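Structural features, examined
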Amino acid sequence: QVQLVESGGGLVQAGASLRLSCAASGRTFSRNVMGWFRQAPEKEREFVAAISWTGGSAHYADSVQGRFTISRDNAKNTLYLQMNSLKPEDTAVYYCAGDVTNNYYNTRAKDWRYWGQGTQVTVSS
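Residues numbered from 1 in each chain as written. Predicted model: local features only at pLDDT ≥ 70, side-chain atom pairs only at ≥ 80, totals over all residues. Heavy atoms only, no water.

1. Let's talk about unusual backbone geometry
The criterion, for reference: To qualify as a helix, a DSSP run of H or I must reach at least 4 residues; to qualify as a strand, a run of E must reach at least 2; elements of each kind are numbered from the N terminus. Between buried and exposed lies partly exposed: a residue is buried under 20% and exposed over 50% of the maximum accessible area for its type, with that area taken using a 1.4 Å probe on protein chains only.
Backbone geometry places E42, a non-glycine residue, at a positive phi of 65°. Summarising the element assignment, E42 is placed in the loop between β4 (33-39) and β5 (46-51). By relative accessible area, which is 87% here, E42 ends up exposed. Phi is positive for N77, close to 50°, though the residue is something other than glycine. With respect to the element layout, N77 can be found in the loop between β7 (68-73) and β8 (78-83).

As structure tokens, this is what we get:
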């Protein structure tokens, strides 16, 4: 079992940066693919980015490619999402997710096993 706790959300202006963190408990973090999803009001949860076990490979949604960077520190059991050049359309609750596979191309939220409680990111124009 893996428990995930996100932090780092907040209210920023367009063009600013934020760094989200996700602290994971459990001994299997280094063998879990990890990812970030987000959900805006009245919209479905959507894939943002995912990273392989070792951190050597990552996959991004087209909407964040080039602006967001996902990374992980397996020694600290922590996942990160560096978000630069934020836009109002990035406003959402951001969720950390994990799964026992190494399929970092899986963008379907329902396939991921572990979820955090979410952290709000609001970008004003």
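Having seen the model, we can carry on.
2. Some points on the pairing of β7
Two faces, one strand: in a regular strand the side chains alternate between the faces of the sheet. Our working rule: Pairing between strands requires that DSSP locate at least two bridges from one strand to the other.
Judged by which residues are buried, β7 turns out to be one-sided: F68, I70 and R72 face inward and are buried, whereas T69, S71 and D73, on the alternate face, are not. Turn length for the β7-β8 hairpin, with the two strands adjacent in sequence and antiparallel, is four residues, and the turn residue N77 shows positive phi of about 50°.

3. With respect to the environment of D111
Formally: Contact definition: two residues touch when any of their heavy atoms are within 4.5 Å. Here a polar contact means two N or O atoms within 3.5 Å. Within protein one must be a hydrogen donor candidate and the other an acceptor candidate, and residues neighboring in sequence count only if both atoms are side-chain atoms.
With respect to the helices, strands and loops of the structure, D111 is situated in the loop between β9 (92-99) and β10 (114-115). Look past the residues within four positions of D111 in its chain and what remains in contact with it is D99 and N106. At 2.8 Å, the side chain of D111 and the side chain of R108 are in polar contact.

4. Points about the state of the cysteines
Let me state the cut-off plainly: Any two cysteine sulfur atoms within 2.5 Å of one another count as a disulfide.
All told, the structure shown has one disulfide when counted by the stated rule. Through a disulfide, C22 is tied to C96; the S-S separation comes to 2.1 Å. Taking the sign of the torsion about the S-S bond as the criterion, the disulfide between C22 and C96, at about -75°, is left-handed. Taken as a pair, C22 in strand β3 (residues 18-25) and C96 in strand β9 lie far apart in primary sequence, 74 residues in all. With respect to class, C22 is no different from C96; both count as buried.

5. Quick word on the packing of aromatic side chains
Spelled out, the test is: Each Phe, Tyr or Trp ring, with Trp reduced to its six-membered ring, pairs with another whose centre is within 6.5 Å; inter-plane angles below 30 degrees give stacked pairs, above 60 give edge-to-face pairs, and intermediate values give tilted ones. The rule is short: NZ of Lys or CZ of Arg within 6 Å of the ring centre and within 35 degrees of the ring normal puts a charge over the ring.
Taken as a whole and assessed by the stated rule, the structure comprises five aromatic pairs. Taking 5.0 Å as the distance between ring centres and 35° as the angle between the ring planes, the aromatic pair formed by Y104 and Y105 counts as tilted. A relative accessible area of 17% means that Y104 is categorised as buried. Grouped by ring-pair contacts, the aromatic residues F37, F47, Y95, W112 and W115 constitute a single cluster. For R19, the ring lying beneath its charged end belongs to Y80, and the centroid distance is 4.0 Å. Across from the ring centre of W115, 4.8 Å away, lies the NZ or CZ of R45, which sits over that ring.

Keep in mind that these numbers describe shape and distance, not what the molecule does.
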